[in-house]
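# What the coordinates show
The primary structure of each chain is shown beneath.
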Amino acid sequence: MKTNWMKQVGITFVVGASIYLFPSAGQANETDESTDTALEVNDQNEAKPLLDVHLEDVPVVGDVKVQIPSSETGEQSVAKVQVSEGIVDNLEVDVAPVKKVDQQETTQEKKAVATVNLSTPVTDDVEIDVIAEEKTQQLDTSETSTAITNVTADDLPIVGETEVGIAEKKHQTTDEATSYDGGVVEANIEKVPVAEETHVGVLDKHVEKTDDSYTEKGGVVQADLEAPGLLDDTHVGILDSHVVKGEDSYIYNGGVIEATIEKAPVLDETHVGVLDQHVKQTEDGITIDRGVIEADVAAPSLLDDTHVGVLDSHVVKAENSSSFDRGIVEASIEKAPILDETHVGVLDQYVKQTEDGITIDRGVVEADVAAPGLLDDTHVGVLDSHVVKAENSSSFDGGIVEASIEKAPILDETHVGVLDQHVKKDEDSFSLDQGIVNTIVTNLPIVGDLSIGVLDYHERVMENQSSLSTGLAQIGLNGTLLKDTAVNILRKQEQTTEDGTYTKQSGITLGVTLPILGEVQADILSNETFTSIAIVSPTTQPGTNPDESPNDDSNGTTEPDDNDGQPGTSPEDRDENPALPVVDNEENDGTNSNEGNGETTPIPDSNDTTPPIVDVPEENGNSNQENNNFDWNSEEQPNGMWEDNGSVKQPNAYNSDGSVNPNHMYAAGWLAQTLAKHNQLFKANIVGTNDRYNQLAGQPIASNSLERLPTTGGFLNPALTATLALILIIGGFTARKWALNKNE
Amino acid sequence: MLLLVSGMHSNKKQQSERLNAFAAMKVEAANSSEIHPALPNGTLDPKSGGIEGILDIPQIDLEAPVLLGADEQTLSEGLGTIENMDQPGVIDGSYAIAGHQSHVFGKYFNRLHEMEAGQEFTYETLDGIQRYKVFDIQIVKPEQVEILDSQNGIALLSLITCYPERSNEYRLIVQAKRIQ
């Protein structure tokens, strides 16, 4: 046994030595030159593998080739296994391959822990690199890419040309730009049946930097899809952000979910975002849009420029203006088949500030609808407020419910307000309208103009006069059937001029204008008073005893009839004793007489002349919380009518230098019948006395005080009325005769 | 019919009474001005009853008292002046008289549209008789109140009524300047 073993080893050694040595002995006829050539060729070839096994036609597997190590032209690997012509067309596995391509202008080197090339009838060519690094240098461009796994398929059955990288990152540097593209998972699909150039990335980031710009895109999940004719330039991102920085600009678009479609069969430029934010900053200003849910849809001819936002805010700040628009829910449509510029907001607020002023709109529910031909400029607001403040004017409109229609098929300029308030103030005037219910409807088919006020309050203040109207219910009609008709319940009216305050209170007032009878007015429980502000006695001189004044009564008020229509003095007296100082405004304590100082200071009852308590909107849209009063004595209102104590301010008869104030010369002392010129109700009592005198009290106003030229038309004239009467008479007789004949 | 006749009669009577009252007041004012020369020129006596003057336009057969005010009630009784304007006949001043174009019980300005430029008429106040010459006739919208603005160098008197017939849509403005 032992002898056999030794024989076998010995024979094998001898055979092997013979095989190894015999070729060397057989080269006796070869020249040195030929030997050198052979050596040269051998130097160019790769080193021989330590193990090179070729197996052909292995059942199932096919041809198998194993090389350890493997060395081919431009490619080396620690080990290479190739299986072909079997179950797969070709399968190559390279372990630690290093591939170099060195061409004229391009140098490429690729390293990997393992590379698998697979070619099957189903997958076509697929290359898988594991822990791979690839460097490419081409002229001025260098590119480096690394990946834990990189799969490249030329033509997969469904997705076509596909490239998937895991933990992949690419750096590219050119003379002009540097870019980075990386992600935990990066998949690029060149072509699928419906889409082109699809990209999906997980924890994906793309950065591109040039000398004058910086662009960064990133997201936990990013998907870009290009499906021509179906979804053009579609992007969906989760925790998505997109930053573009330029020399003078900055743009940021980001959100938990961001979806944009450039074009789809029905949609144009559609964007949906969840917890998204968009910032755009340029030299001229900044724009910030953010919201929990933001949807911008453009569906041409269906919904143009439609925006829906939840917890939405939109801020624009420019050099000379800023605005913000925000709300729990904001929906706006630029144009739809029926609608134009429609906006609905819940807990909505809009603020715009410019150099000229500030505008604030806010409401629990705000709806602005424009449906041409159906509802023009319609606004409905719940807990609605609208503030406009300019340099010299301000206005406030608000209410629990506010509804206004500019024009509708039946209605013109309709306004309905519940607990609403409208305040307007400028340098020369002030107006206040408020009420539990305030309704104004114009041009109703038969009714005409209709106004209804419940517990309403209307006040107008101009430089030299003011009016006030309030009541439990005030109803006005002016139409075809009933013209200038008014029904007022528990109404109070006040008219104040330089001369005094006329007050009318009535339980029920009914006024109707009938075609033939004219104006018919009935007052129940009516009371009219006039309280003069200042009475100048012809004998009252500064320092004289006021008790000598014949027209001065104890409370400082004078009824118009007290002096038989005389203006407190005769014309000749007036010339001899022009208007005298009647009150020192600075020292006015609100009492009705300044006894002992020689001055008559008739002051109307302050209870009846309460200064208007007006909630004046401030710039921030809130009320003036400090004093909550309309400040008529501020520097902005030198001609204010109210004193701090609530009494009516006295007109200054004398200028500061002691000279007579010409504007006051006639105003202070004459009968207050000027009121008759401003108030028709007052006219019933005092008209027709000496109105022309009172006209001298102020400068001629001419057309400035007129809003319209007088209405002087009428349907009926004597001839027409007589004709109608005759027709009625003849018709009556004819009817009677016809009836009698029929009975016979 | 009776109502119409009664109304017409009443209106005519009222106009006549006012004309007479104004004549009486004018005499009284003349006496008063002798006693009280400081009475402002052209202004009414407190007892004038609100009559501003008498407008006499023979071309349209109109002689009517002019009341103070152009409100509906005043205009239902006759012609009326727009308040807060200048005195009549004052250079650089503007004065306006309005009247119904058609009214159940009166004629008033029912023939104002027959006026033509160049025609003359008079307006009598307590101060005297002022003669005017029509220089312009316009049809304007009711809101065009600037038509009443004074014009430099003339004493403007505007006569206002509605236009066209039985309509309030426009206003017919006959403007005249004082010539005497």
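Residues numbered from 1 in each chain as written. Chains lettered and ligands numbered in written order. Predicted model: local features only at pLDDT ≥ 70, side-chain atom pairs only at ≥ 80, totals over all residues.

Turning our eyes to something else, we now look at the overall build of chain B. Across its full length, chain B holds two helices and eight strands. Counted from the first residue to the last, chain B has its helices and strands arranged as α-β-β-α-β-β-β-β-β-β. Taking all 180 residues of chain B together, 46% fall into the buried category. By sequence separation, contacts in chain B at least 24 residues apart represent 55% of the contacts at least 6 residues apart. (Helix = DSSP H or I, 4+ residues; strand = E, 2+ residues; numbered from the N terminus. Buried ≥ 20, exposed ≤ 12 C-beta atoms within 10 Å, placed from the backbone. Contact = placed C-beta atoms within 7 Å.)

This paragraph deals with the overall build of chain A. For chain A, the count of helices and strands is eight helices and 31 strands. When each of the 744 residues of chain A is scored for burial, the buried share is 28%. Expressed as a percentage of contacts within chain A between residues at least 6 apart in sequence, the contacts between residues at least 24 apart total 45%.

Of all hydrophobic cores here, the largest spans 42 residues; its most connected members are Leu55(B), Val66(B), Leu79(B), Ala96(B), Ile97(B), Ala98(B) and Val174(B). Mapped by element, the contributors of at least two residues to this core are strand 1 (51-57), strand 2 (62-68), strand 4 (94-98), strand 5 (120-125), strand 6 (128-140), strand 7 (156-163) and strand 8 (170-178) of chain B. The greatest single-element share of this core, amounting to six residues, is contributed by strand 7 of chain B. Not counting the four nearest positions on each side in its chain, Val66(B) is found in contact with Ile51(B), Glu52(B), Gly53(B), Ile54(B), Leu55(B), Leu79(B), Gly80(B), Thr81(B) and Ile97(B). One finds Ile360(A), Phe430(A), Leu432(A) and Val461(A) within the second-largest nonpolar core, a separate group that totals eight residues. (Core = buried A, V, L, I, M, F, W, Y, C linked by C-beta atoms within 7 Å.)

Attention now goes to the sheet that holds strand 5 of chain B. Read around the closed barrel, eight strands run 1-2-3-4-7-8-6-5 (chain B), paired in mixed fashion. Mean inter-strand twist for the sheet, computed between neighbouring axes without regard to direction, equals 30 degrees. (Pairing = 2+ DSSP bridges. Axes fitted to C-alpha atoms, helices over the stretch in contact; angles between N-to-C directions.)

A few words now on the pairing of strand 1 of chain B. Regular strands place their side chains on alternate faces of the sheet. All names here are of chain B. Most of strand 1 sits inside the fold, with six of its seven residues counted as buried. In sequence, strand 1 turns back onto strand 2 through a hairpin of four residues, with Asp61 there showing a positive phi of about 55 degrees. Of the pairings in the sheet, the one linking strand 1 to strand 5 comprises three bridges and is antiparallel in character. In the sheet register, Leu55 faces strand 5, and the bridge partner there is Tyr123.

All names here are of chain B. Looking at chain B, the pLDDT average stands at 80 and 84% of residues meet or exceed 70. Taken element by element, the predicted model of chain B shows its lowest mean pLDDT in helix 1 (residues 2-35) (69) and its highest in strand 4 (92). For this predicted complex, the interface score ipTM comes out at 0.76, while the overall pTM is 0.51. (pLDDT = per-residue confidence, 0-100.)

Below, the discussion takes up the environment of Ala522(A). Of note, Ala522(A) is situated in strand 31 (residues 518-532). Expressed as a C-alpha distance, the spacing of Ala522(A) and Val487(A), which sit 35 residues apart in the sequence, is 9.7 Å.

All names here are of chain A. This prediction gives chain A a mean pLDDT of 73; 72% of its residues lie at or above 70. Across chain A, the element-wise mean pLDDT spans from 31 in helix 6 (residues 680-686) up to 92 in strand 17 (residues 268-281). Of the regions scoring below 50 in pLDDT, residues 37-44 engages in zero contacts with residues more than four places distant in sequence or in other chains. A low-confidence stretch, residues 534-702 (pLDDT under 50), is modelled with 299 contacts involving residues beyond four sequence positions or located in other chains.

Residue and element names in this part refer to chain A. By secondary structure assignment, the location of Ser119 is in strand 8 (residues 106-120). A C-alpha to C-alpha distance of 5.0 Å links Ser119 and Asn90, two positions 29 residues apart in sequence. Once residues within four sequence positions are removed from consideration, Ser119 is found in contact with Val88, Asp89, Asn90, Asp124 and Asp125.

Side chains of residues three or four places apart in an α-helix project in the same direction, reflecting 3.6 residues per turn. Taking 1.5 Å per residue as the helical rise, helix 8 (residues 718-743) of chain A with its 26 residues ought to reach 38 Å, and the 37 Å between its terminal C-alpha atoms agrees with that figure. Counting buried residues in helix 8 of chain A gives one out of 26 residues, a small share hidden from the surface. (Expected span 1.5 Å × (residues − 1).)

With that out of the way, let us pick up unusual backbone geometry. Cis geometry marks the peptide bond from Ile68(A) to Pro69(A), where omega comes out at -20 degrees. Residue position: Pro69(A) is located in the loop between strand 2 (62-68) and strand 3 (70-72). In this model, Tyr163(B) is joined to Pro164(B) through a cis peptide bond whose omega is -10 degrees. Residue Asp233(A) is not a glycine yet carries a positive backbone phi of 45 degrees. With respect to the helices and strands, Asp233(A) occurs in strand 15 (residues 231-246). The exposure class assigned to Asp233(A) is partly exposed, which follows from the 15 C-beta atoms found within 10 Å. Although it is not a glycine, Leu347(A) adopts a positive phi angle of roughly 45 degrees. Tracing the chain through its elements places Leu347(A) in strand 21 (residues 340-353). A residue is classified by how many C-beta atoms lie within 10 Å of it, and Leu347(A), with 16 of them, is partly exposed.

Let us now look at the pairing of strand 7 (residues 98-102) of chain A. Residues and elements named next belong to chain A. Sheet topology places strand 4 (residues 75-77) next to strand 7; two bridges connect them, and they run antiparallel. From the neighbouring strand, Gln76 faces strand 7, where its bridge partner is Val98. Of the pairings in the sheet, the one linking strand 7 to strand 8 comprises five bridges and is antiparallel in character. Following the sheet pairing, Lys99 is matched in strand 8 by Lys110. Linking strand 7 to strand 8, which pair antiparallel, is a turn of three residues.

The subject of this paragraph is the environment of Gln180(B). All names here are of chain B. Assignment of secondary structure puts Gln180 in the segment after strand 8. Given 11 C-beta atoms within 10 Å, Gln180 falls into the exposed group. Taking the C-alpha atoms as reference points, Gln180 and Gly89, separated by 91 residues in sequence, lie 9.0 Å from one another.

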